[in-house]
Amino acid sequence: MIRIGVLASGRGSNFQSIIDGIKEGDIEGEIAILVTDKADAGAIERAEKNGIPNKVVLRKNFESREHMDREIRRILGEKQVDLVVLAGYMRIISPELLEHYTNKIINIHPALLPSFPGTSGTKDAFEYGVKVSGCTVHFVDGGMDTGPVIEQTCIRIDDCKTPEEVAAKILPFEHATMRKVVANFSKGEYIVEGRRVRYEGKKASAD
Ligand code: GAR
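In this report, the structure presented in the accompanying data block is examined. (Residues numbered from 1 in each chain as written. Predicted model: local features only at pLDDT ≥ 70, side-chain atom pairs only at ≥ 80, totals over all residues. Heavy atoms only, no water.)

**A few points about the pattern of salt bridges**
So the rule is basically this: One speaks of a salt bridge when a side-chain nitrogen belonging to Lys or Arg is within 4 Å of a carboxyl oxygen belonging to Asp or Glu. The numbering of helices and of strands both runs from the N terminus, where a helix is a DSSP run of H or I of at least 4 residues and a strand a run of E of at least 2. Partly exposed describes any residue whose relative accessible area lies between the buried limit of under 20% and the exposed limit of over 50%, with all areas from a 1.4 Å probe on protein chains only and scaled to the type maximum.
Overall, the coordinates contain 15 salt bridges when judged by the stated rule. Note that Arg91 and Asp37 form a salt bridge whose closest N and O atoms lie 2.8 Å from each other. Taken together, the residues Arg91 in the loop between β4 (83-86) and α4 (95-100) and Asp37 in the loop between β2 (29-36) and α2 (42-49) connect sequence positions 54 residues apart. Arg91 gets classed as partly exposed once you look at its relative accessible area, which sits at 27%. Under the relative-accessibility criterion, Asp37 is labelled buried at 5%. One salt bridge connects Glu151 with Lys180, and the closest N-O pair in it is separated by 3.1 Å.

**Quick notes on the side chain of Ser94**
Spelled out, the test is: Residues count as neighbours in contact if any of their non-hydrogen atoms are within 4.5 Å of one another.
Structurally, the position occupied by Ser94 is in the loop between β4 and α4. Once residues within four sequence positions are removed from consideration, Ser94 is found in contact with Arg65, Glu66 and Asp69.

**As for the nonpolar core**
Test applied: We call a set of buried residues a nonpolar core when its members are Ala, Val, Leu, Ile, Met, Phe, Trp, Tyr or Cys and they connect through side-chain atoms within 4.5 Å of each other.
Judged by nonpolar contacts, the single largest core of 36 residues is most densely connected at Val6, Phe15, Ile18, Val85, Ile106, Val182 and Phe185. At seven residues, the largest contribution of residues to this core is made by helix α6 (residues 163-187). Judged by nonpolar contacts, the second largest core, of 19 residues, contains Val35, Val57, Val84 and Leu97.

**Points about the sheet that holds β4**
Just so we agree on the cut-off: Any two strands with at least two DSSP-identified bridges between them are counted as paired. To get an axis, fit a line to the C-alpha atoms, keeping to the stretch in contact for a helix; angles then go from 0 to 180 degrees between the N-to-C directions.
Taken together, seven strands build an open sheet; the order of strands is β3-β2-β1-β4-β5-β6-β7 and the sheet is mixed. Of all the strands in the sheet, the pair left with one neighbour each is β3 (54-56) and β7 (149-156). Averaged over all pairs of adjacent strands, the angle between strand axes in this sheet comes to 20°, irrespective of strand direction. When β4 meets strand β5 (residues 105-109), the two strands line up parallel, connected through three bridges. Bridging across to β5, Val85 finds its partner in Ile106. Taken strand by strand, helix α1 (residues 13-23) contacts β1 (2-8), β2, β4 and β5, and its axis lies near 160° from that of β2.

**As for the packing of aromatic side chains**
Stated precisely, the cut-off is as follows: Paired rings are identified among Phe, Tyr and Trp, the last through its six-membered ring, by centres lying within 6.5 Å, and are further divided according to the angle between planes into stacked (under 30 degrees), edge-to-face (over 60) and tilted (the rest).
Scanning all chains against the criterion turns up four aromatic pairs. Aromatic ring contacts, followed pair by pair, group Phe139, Phe185, Tyr190 and Tyr199 into a single cluster.

Written out as structure tokens, the structure reads:
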């Protein structure tokens, strides 16, 4: 059973996919805490509905990003979290938090990295005119969406007429990809070798 900490800034549909994955037995774990950096994040309501402890940590209450992340680290530590999931969390993670959770912080991004990093990935992909996009789950490092890729799902977007349509088409694939990766984390190990990531499930015992 892994203990999952989720960081979210918005509506929390990816957070919901983890809740559902646990309920439906795909993910062998529990969500120990939801942390949001917005007092009105929709994710909070989802946490409340599902009896998940949650905390709001506002940037304005701290003198620096590092101080804010120190508080987040404290909260995650208190809950003995093994895996930190950024589910629509729109902030760069500071080095202290990263070092404490090396290869234990993952992020979902709504484009095929390394194309279209940042906070407007679906809009950027639409405006660039790519025919194919998708989503990426990756380990978080000090850059903007630059960490080793864990999993990607690719879909055609050439039938989409607006950036919003692109986002809506990709979203269900985000949910499935996120759920699969967290399920894998709960049942085995992702091994990072340089930029390459491979998965080793737990071996079934002989007896
Ligand atoms: C998702 O599309 C996620 O990929 C994106 O924010 C949305 C959050 O939706 N994240 C990023 O763009 C990170 N760079 P949700 O709150 O419903 O999960």
